[in-house]
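# Architecture and fold: a report
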Amino acid sequence: NAGVMQNPRHLVRRRGQEARLRCSPMKGHSHVYWYRQLPEEGLKFMVYLQKENIIDESGMPKERFSAEFPKEGPSILRIQQVVRGDSAAYFCASSPDRTNSYEQYFGPGTRLTVT
Amino acid sequence: KQEVTQIPAALSVPEGENLVLNCSFTDSAIYNLQWFRQDPGKGLTSLLLIQSSQREQTSGRLNASLDKSSGRSTLYIAASQPGDSATYLCAGGSEKLVFGKGTKLTVNP
């Protein structure tokens, strides 16, 4: 059973470009979470999704950021018109059926650098 | 609003020592408490999960305890090894994990 997969692992974008980060959850997991780790900061929750639904987006910046988890394919975190402050490591996690446990399994992260 | 604090921020010990990492949280209604390990430039590896109804979990040389009434969790590492060097993170919550900033552990040979 492959772990949580994220791609790309490293992404460089110029200011004003768009960044698309992909996350494939573990097989059998239907819950996906995105977290951001700014330099010298702890991980911060961004958004929680299930297939085709956003459950909690309380940690998402109000502008330029969006997330989806379509019926088919990976979850996508999209950042429009990136700024230098968006430079961070973005981690995706997944978990199985929520009635079992909330244990989250993390991917290796995507390190976004905005130049 | 849940806040998670980890003390100390950094710890350096000689190989073979037993050590304790501390995690405190402000909201005793915390659901789960999960300990992770993060190596430089890498993702998070889940070490132990203490669910709401549990008080401790053990895996190999690791033991984690949870005391909701005092708002504390500890991670005990027995007989530390250089390979244990990493940043250890604790996180509380259910769907939305709240993380501490971590304890950077260095085990010297």
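Described in the following lines is the structure provided in the data block. (Residues numbered from 1 in each chain as written. Chains lettered and ligands numbered in written order. Predicted model: local features only at pLDDT ≥ 70, side-chain atom pairs only at ≥ 80, totals over all residues. Heavy atoms only, no water.)

## Description of the nonpolar core
The following threshold applies: Working definition of a nonpolar core: buried Ala, Val, Leu, Ile, Met, Phe, Trp, Tyr and Cys residues. They are joined through side-chain atoms within 4.5 Å. Only protein chains enter the calculation, and the probe is 1.4 Å; a residue is then buried if its accessible area is under 20% of its type maximum, exposed if over 50%, and partly exposed in between. In this analysis, two residues are considered to be in contact whenever any of their non-hydrogen atoms come within 4.5 Å of each other.
Grouped together as the largest cluster of nonpolar side chains are 23 residues, with contacts concentrated most on Trp 34, Met 46, Leu 77 and Tyr 90 of chain A. Among all residues touching Met 46 of chain A, those that are not within four sequence positions of it are Trp 34, Tyr 35, Arg 36, Asp 56, Glu 57, Ser 58, Gly 59, Met 60, Pro 61, Phe 65, Leu 77 and Tyr 90 of chain A. Counting 21 residues, the second-largest nonpolar core is a separate cluster that includes Leu 19, Leu 33, Ala 64 and Leu 66 of chain B.

## A short note on the sheet that holds strand β3 (residues 19-24) of chain A
All names here are of chain A. The cut-off we apply is this: Strand pairing is assigned whenever DSSP detects at least two bridges linking the two strands. For helices the rule is a DSSP run of H or I covering at least 4 residues; for strands it is a run of E covering at least 2, with both sets numbered from the N terminus onward. Under this scheme, a helix contributes an axis fitted over its contacting stretch, all axes are lines through C-alpha atoms, and angles between N-to-C directions fall in the 0 to 180 degree range.
As summarised here, the arrangement of the four strands in space is β1-β3-β8-β7, forming an open sheet in which the pairing is antiparallel. Two strands close off the open sheet at either side, each with one partner strand: β1 (5-7) and β7 (65-68). Along the sheet, successive strands turn relative to each other by an average axial angle of 15 degrees, direction set aside. Direction of pairing for β3 relative to strand β8 (residues 75-79): antiparallel, over a ladder of five bridges. Each bridged residue has a counterpart across the sheet, and for Leu 21 the counterpart in β8 is Leu 77.

## Quick look at the interface of chain B and chain A
Formally: Simply put, the buried area is the total loss of 1.4 Å probe accessible area from both parts when two parts are fitted together. We define a salt bridge as a contact between a side-chain nitrogen of Lys or Arg and a carboxyl oxygen of Asp or Glu at a distance within 4 Å. Under the scheme applied, nonpolar residues are Ala, Val, Leu, Ile, Met, Phe, Trp, Tyr, Cys and Pro; charged residues are Asp, Glu, Lys and Arg; polar residues are all the others, including Gly.
Counting residues at the interface gives 20 residues for chain B and 22 residues for chain A. Of the roughly 1700 Å² buried between chain B and chain A on both sides combined, carbon and sulfur atoms contribute 54%. Taken together, the links from chain B to chain A amount to one salt bridge. A salt bridge links Asp 56 of chain A to Lys 96 of chain B; the nearest nitrogen and oxygen atoms lie 3.6 Å apart. Of all the elements in the fold, those that place two or more residues in the side of chain B that touches chain A are β4 (32-38) and β5 (44-50) of chain B. Residue contributions to the side of chain B that touches chain A peak at four residues, all from β4 of chain B. Within the side of chain B that touches chain A, the residues separate by chemical class into seven nonpolar, nine polar and four charged.

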